[in-house]
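Chain by chain, the residues:
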Amino acid sequence: MRRHWSLFVTASRYALIGHARNRFAMLLVVVYIPVWIALAYVTIPDRPAPFRLRATGEVLTPPGNHLTQITGALNAVTLIAGFMMFAATFTGGAFDRRLAMAGYPRHHLVLAKLSALTLVCAAVAVYATAAAGFAWSPRQPLMLAAALFCAALTYGALGVVFGSVLRREVEGMFAILMISIIDVALQNPLSSSGSDSAVVRFLPSYGAVQASMSAAFSTAPVAKGLAIQLLWLLGAALAAFMVFRRRTRDALPPERERHTPDRSGRGANGGGRGGAEAGTGANAEADAPARTPEPGAVAQRVRPN
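Parameters and conventions
Residues numbered from 1 in each chain as written. Predicted model: local features only at pLDDT ≥ 70, side-chain atom pairs only at ≥ 80, totals over all residues. Heavy atoms only, no water. Helix = DSSP H or I, 4+ residues; strand = E, 2+ residues; numbered from the N terminus. Buried < 20%, exposed > 50% of the residue type's maximum accessible area, 1.4 Å probe, protein only. Contact = heavy atoms within 4.5 Å. Areas by Shrake-Rupley, 256 points an atom, 1.4 Å probe, with all protein chains shown as cover. Phe/Tyr/Trp six-rings, centres within 6.5 Å; stacked < 30°, edge-to-face > 60°. Axes fitted to C-alpha atoms, helices over the stretch in contact; angles between N-to-C directions. Left-handed = near helix turned anticlockwise from the far one by under 90°. Nonpolar A, V, L, I, M, F, W, Y, C, P; charged D, E, K, R; others polar. Expected span 1.5 Å × (residues − 1). Arc of directions from axis to C-beta. 1 Å grid on protein atoms, 1.4 Å probe; cavity = no way out; pocket = protein on both sides within 12 Å on 5 of 7 lines; lining within 4 Å. Points joined across faces, edges and corners; volume = space filled by probe spheres on them.

1. Re the overall build of the chain
Now for step 1: Summing up its helical and strand segments, the chain has 12 helices and 2 strands in all.
Now for step 2: Taken from N to C terminus, the helices and strands of the chain fall in the order α-α-β-β-α-α-α-α-α-α-α-α-α-α.
Now for step 3: For the chain, buried positions account for 41% of its 305 residues.
Now for step 4: Long-range contacts, defined as pairs at least 24 residues apart, comprise 74% of the intrachain contacts of the chain with a sequence gap of at least 6.
Now for step 5: Only carbon and sulfur atoms are counted for the fraction: they give 63% of the accessible area of the chain, which is about 18100 Å².

Laid out in structure tokens, this is it:
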């Protein structure tokens with residue numbers, strides 16, 4: 001048990017160090033989240049924006065700037081979590097592969113990445129909730145933080161998938177950026193008239209959007225939205241584990257069985273046919289029976305006295 005704990009702590013330390021070295025991501029966390037939420041509050045009109053919350057069927061009428069702040073917070077945490085996990089997986093893939101091939105347990109590596117992802121997403125979700133509630137108070141701040149946390153975890157797992165599958169860094173960044181923008185924009189009642197359609201139920205952050213809207217603007221329970229988001233999270237985590245295991249597998253071909261000749265000159269598996277034929281040709285004269293010369297030939301060879 002002590003050995004497993006030591007392996008887990010070591011892998012977690014390396015994972016956290018990898019995140020801490022990503023200074024651009026740290027800058028996004030500190031600056032991008034409050035700036036984006038503040039701009040949404042200042043620039044968007046505060047006129048009521050009625051919409052029907054699909055998860056509960058309740059019609060909510062929050063101010064437009066408050067609504068944009070919540071969707072902006074969701075977009076910010078998903079982008080940052082996805083970028084950070086993609087960068088950590090993409091740059092540290094060779095190191096993880098060497099550790100796995102050297103005998104380091106892959107389960108400890110996966111648990112360490114999940115632990116680092118959990119800590120990062122928890123910090124980002126709390127920070128975004130505090131930034132969104134700076135000018136006004138959400139109805140259920142803890143549930144709002146939980147919804148942001150689940151959305152960040154889901155995109156963090158997707159970042160691990162993209163970091164393990166894609167070969168270029170720009171491809172992963174573009175994929176995470178476009179998925180997050182399309183995902184949140186289609187569910188924003190201010191920018192999409194079909195935010196309550198049946199299609200949005202299949203988007204990655206549908207459960208988190210429903211839970212965060214309910215937590216921010218009503219006192220209705222958010223368990224249904226969180227449960228839907230947990231299903232997406234489990235699916236993304238399973239996909240991340242499968243691709244990580246495939247990437248860190250031993251790619252060397254199996255060692256071929258050596259053919260050692262036995263005493264009779266044949267291989268251990270019945271081979272050595274060429275050697276046997278060569279031996280037969282070399283010993284043909286020794287194995288052939290002795291010929292008896294004819295009497296006439298002997299008489300010619302013997303000279304008379």
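Picking up after the structure, the text goes on.
2. Re the packing of aromatic side chains
Now for step 1: Summed over the entire model, instances satisfying the criterion amount to 3 aromatic pairs.
Now for step 2: Taking the centre distance of 5.7 Å and the plane angle of 10° together, the rings of Trp136 and Phe217 count as stacked. With a gap of 81 residues between them, Trp136 in the loop between helix 5 (106-132) and helix 6 (141-165) and Phe217 in helix 8 (residues 206-217) connect regions that are remote in the sequence. In terms of burial, Trp136 and Phe217 fall into one category: buried.

3. Points about the packing of helix 2 (residues 23-43) against helix 5
Now for step 1: Interaxial distance between helix 2 and helix 5 falls to 9 Å at its minimum, and their mutual angle equals 35°. The crossing of helix 2 and helix 5 is right-handed. In contact with Val29, Val30, Ile33, Pro34 and Ile37 of helix 2, helix 5 contributes Val124, Tyr127, Ala128, Ala131 and Ala132.
Now for step 2: Considering only residue class, the contact of helix 2 with helix 5 consists of 10 nonpolar, no polar and no charged.

4. A word on the environment of Val42
Now for step 1: Within the secondary structure, Val42 is located in helix 2.
Now for step 2: Owing to a relative accessible area of 66%, Val42 belongs among the exposed residues under this scheme.
Now for step 3: Along the primary structure Val42 and Asn65 are separated by 23 residues, whereas in three dimensions their C-alpha atoms are 7.4 Å apart.

5. A look at helix 7 (residues 169-185)
Now for step 1: Between its terminal C-alpha atoms helix 7 stretches 24 Å, which fits the 24 Å expected from 17 residues at 1.5 Å a residue.
Now for step 2: Of the positions making up helix 7, those classed as buried are Gly172, Ala175, Ile176, Ser180, Asp183 and Val184. Burial along helix 7 is one-sided: seen end-on, the buried residues are contained in an arc of 130°. Exposed and oriented more than 90 degrees from the buried face of helix 7 are Val170 and Phe174.

6. Thoughts on the layout of surface pockets
Now for step 1: Size it by volume and the largest pocket reaches roughly 520 Å³.
Now for step 2: Lining the largest pocket are 22 residues; nearest its centre among them are Tyr14, Ala15, Gly18, Ala88 and Gly92.
Now for step 3: Mapped onto the lining of the largest pocket, the elements with two or more residues apiece are helix 1 (2-20), helix 3 (64-91), helix 4 (93-101) and helix 5.
Now for step 4: Top element by residues in the lining of the largest pocket is helix 1. It accounts for 6 residues.
Now for step 5: Tallied by class, the residues present in the lining of the largest pocket amount to 13 nonpolar, 5 polar and 4 charged.

All we've got here are geometric facts, nothing functional implied.
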